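The chain contents come next:
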Amino acid sequence: SSEGNELHEYAFLETIRFSEAFNKLIGRFKVLDETRQEFVSNVSHELKTPLTSMKVLADSLLSQEEVPAELYREFMGDMSEEIERENKIINDLLSLVKMDKTSHDMNIETLDINQIVERILKRLRPIAQKQNIELVFETFRTVEAEVDETKLSLAVSNLVENAIKYNHKNGWVHVSLNADHKFFYLKVADSGMGIPKESQEHIFERFYRVDKSHSREIGGTGLGLAITRSAVVMHRGAIKVYSEEGEGTTFTVRIPLKYVASTN
Ligand code: ADP
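Residues numbered from 1 in each chain as written. Predicted model: local features only at pLDDT ≥ 70, side-chain atom pairs only at ≥ 80, totals over all residues. Heavy atoms only, no water.

- For the protein chain, an unreviewed UniProt entry supplies the name histidine kinase and the organism Sellimonas intestinalis.
- The Subcellular location (unreviewed entry) field of the UniProt record for the protein chain holds the comment "Membrane".
- If you open the UniProt record of the protein chain and go to Catalytic activity (unreviewed entry), you find "ATP + protein L-histidine = ADP + protein N-phospho-L-histidine." (UniProt positions renumbered as here; feature names shortened; annotations may be inferred.)

Okay, structure coming up:
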């Protein structure tokens, strides 16, 4: 009967529709899984590297009958540095995990943004001074905004720390804060080495570093900007980078003055 045919056709179309939806879903899971797998394998690798160095140092001390005090001290110094590095990676990972987990859990307060930035710069000034880097804060007006202080501070600290880290001796870092009726704008500009064009789109990815060996020497984990971006996005903000190799880098952050809770 024609009724039977119609039913058949309907069932057939539904089956196709279902299998399409199912495939789409599986595809999405696969993507998720691959990113997660990649993340876990990156984490393992990053955590293993300092451990491997420590083991090599310890073994080489153990293999010698009598170790001159000088050498012993040198190796212990190296080990201490590796431990510090491991510590930094673990701390960054913890911050990142916290960002992921508490993304719906913002601790929003109305705060003086100038003060938050001042506090961060005060903490980082001694580090800048060591390399004779001029650290300037330019502020155009008072800014009050609804922010999560811990998360915003983490974002700003990472930007200013990078601006100092990837700079030259006698260079400068200019931080500026401005606002209009809707947003506040934070700018961190430096006179440093800059970021190659082809790397600029990757620097916010977890563990991405432009120059692995150099960044390792400087003490980077590749997690700083991923943390910064998460924190900015959680404030419904935006972050951009402008950079010229050999000239310097500017990061701009734009965050709404009023926090808007997510609708989903
Ligand atoms: P890291 O812990 O290595 O500093 P980040 O995620 O903070 O990791 O930054 C990623 C990479 O982006 C860095 O390794 C560095 O190569 C580059 N980078 C970040 N900030 C700057 C900057 N201000 N100037 C030059 N390069 C930068």
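## Points about the packing of helix 3 (residues 113-130) against helix 4 (residues 149-165)
Phase 1: With their axes 10 Å apart at the nearest point, helix 3 and helix 4 run at an angle of 35° to one another. Two packed elements cross with a definite hand, and for helix 3 against helix 4 that hand is right-handed. Of helix 4, the residues touching helix 3 (which contributes Ile113, Ile116, Arg119, Ile120, Leu121, Arg123, Leu124, Ile127 and Ala128) are Glu149, Leu152, Ser153, Val156, Ser157, Val160, Glu161 and Ile164.
Phase 2: Here the contact of helix 3 with helix 4 is composed, by residue class, of eleven nonpolar, two polar and four charged. (Axes fitted to C-alpha atoms, helices over the stretch in contact; angles between N-to-C directions. Helix = DSSP H or I, 4+ residues; strand = E, 2+ residues; numbered from the N terminus. Left-handed = near helix turned anticlockwise from the far one by under 90°. Contact = heavy atoms within 4.5 Å. Nonpolar A, V, L, I, M, F, W, Y, C, P; charged D, E, K, R; others polar.)

## Notes on unusual backbone geometry
Phase 1: At asparagine 132, a residue that is not glycine, the phi angle is positive and equals roughly 55°.
Phase 2: One can find asparagine 132 in the loop between helix 3 and strand 2 (134-139).

## Focus on the sheet that holds strand 4 (residues 172-179)
Phase 1: Strand order in the open sheet formed by five strands is 2-4-5-7-6, and the pairing between neighbours is mixed. Of all the strands in the sheet, just strand 2 and strand 6 (238-244) have a single pairing partner and so form its edges. With direction set aside, neighbouring strand axes in the sheet form an average angle of 10°.
Phase 2: Bridging between strand 4 and strand 5 (residues 183-190) involves seven bridges; their strand directions are antiparallel. In the strand pairing of strand 5, serine 176 is matched with lysine 187.
Phase 3: Sheet strands in contact with helix 3 are strand 2, strand 4 and strand 5, and its direction is about 170° off that of strand 2. (Pairing = 2+ DSSP bridges.)

## Brief notes about the packing of helix 4 against helix 6 (residues 224-234)
Phase 1: Between helix 4 and helix 6, the shortest axis-to-axis distance is 8 Å and the interhelical angle comes to 140°. Our classification of the angle between helix 4 and helix 6 gives oblique. Regarding helix 4 and helix 6, the two cross each other, and that crossing is left-handed. Residues Lys151, Leu154, Ala155, Asn158, Leu159 and Asn162 of helix 4 pack against Gly224, Leu225, Ile227, Thr228, Ala231, Val232 and Met234 of helix 6.
Phase 2: Of the residues in the contact of helix 4 with helix 6, the class split is eight nonpolar, four polar and one charged. (Parallel < 35°, antiparallel > 145°, perpendicular 65-115°, else oblique.)

## Some points on the packing of aromatic side chains
Phase 1: Inspection of every chain in the model, using the stated rule, returns two aromatic pairs.
Phase 2: Taking 6.2 Å as the distance between ring centres and 55° as the angle between the ring planes, the aromatic pair formed by phenylalanine 183 and tyrosine 185 counts as tilted.
Phase 3: The exposure class of phenylalanine 183 is buried, given its relative accessible area of 17%.
Phase 4: Look at tyrosine 185 and you get partly exposed, because its relative accessible area is 31%.
Phase 5: The ring of phenylalanine 183 carries the charged tip of arginine 254 above its face, separated from the ring centre by 4.2 Å. (Phe/Tyr/Trp six-rings, centres within 6.5 Å; stacked < 30°, edge-to-face > 60°. Buried < 20%, exposed > 50% of the residue type's maximum accessible area, 1.4 Å probe, protein only. Lys NZ or Arg CZ within 6 Å of the ring centre and 35° of its normal.)

## Points about the pairing of strand 6
Phase 1: By the alternation rule, side chains of strand 6 split into Ile239, Val241 and Ser243, which are all buried, and Ala238, Lys240, Tyr242 and Glu244, of which none is buried.
Phase 2: Sheet topology places strand 6 next to strand 7 (residues 248-256); seven bridges connect them, and they run antiparallel. Bridged to alanine 238 within strand 7 is arginine 254.
Phase 3: The turn joining strand 6 and strand 7, which pair antiparallel and follow one another in sequence, is formed by three residues; a positive phi near 80° is taken by glycine 246.

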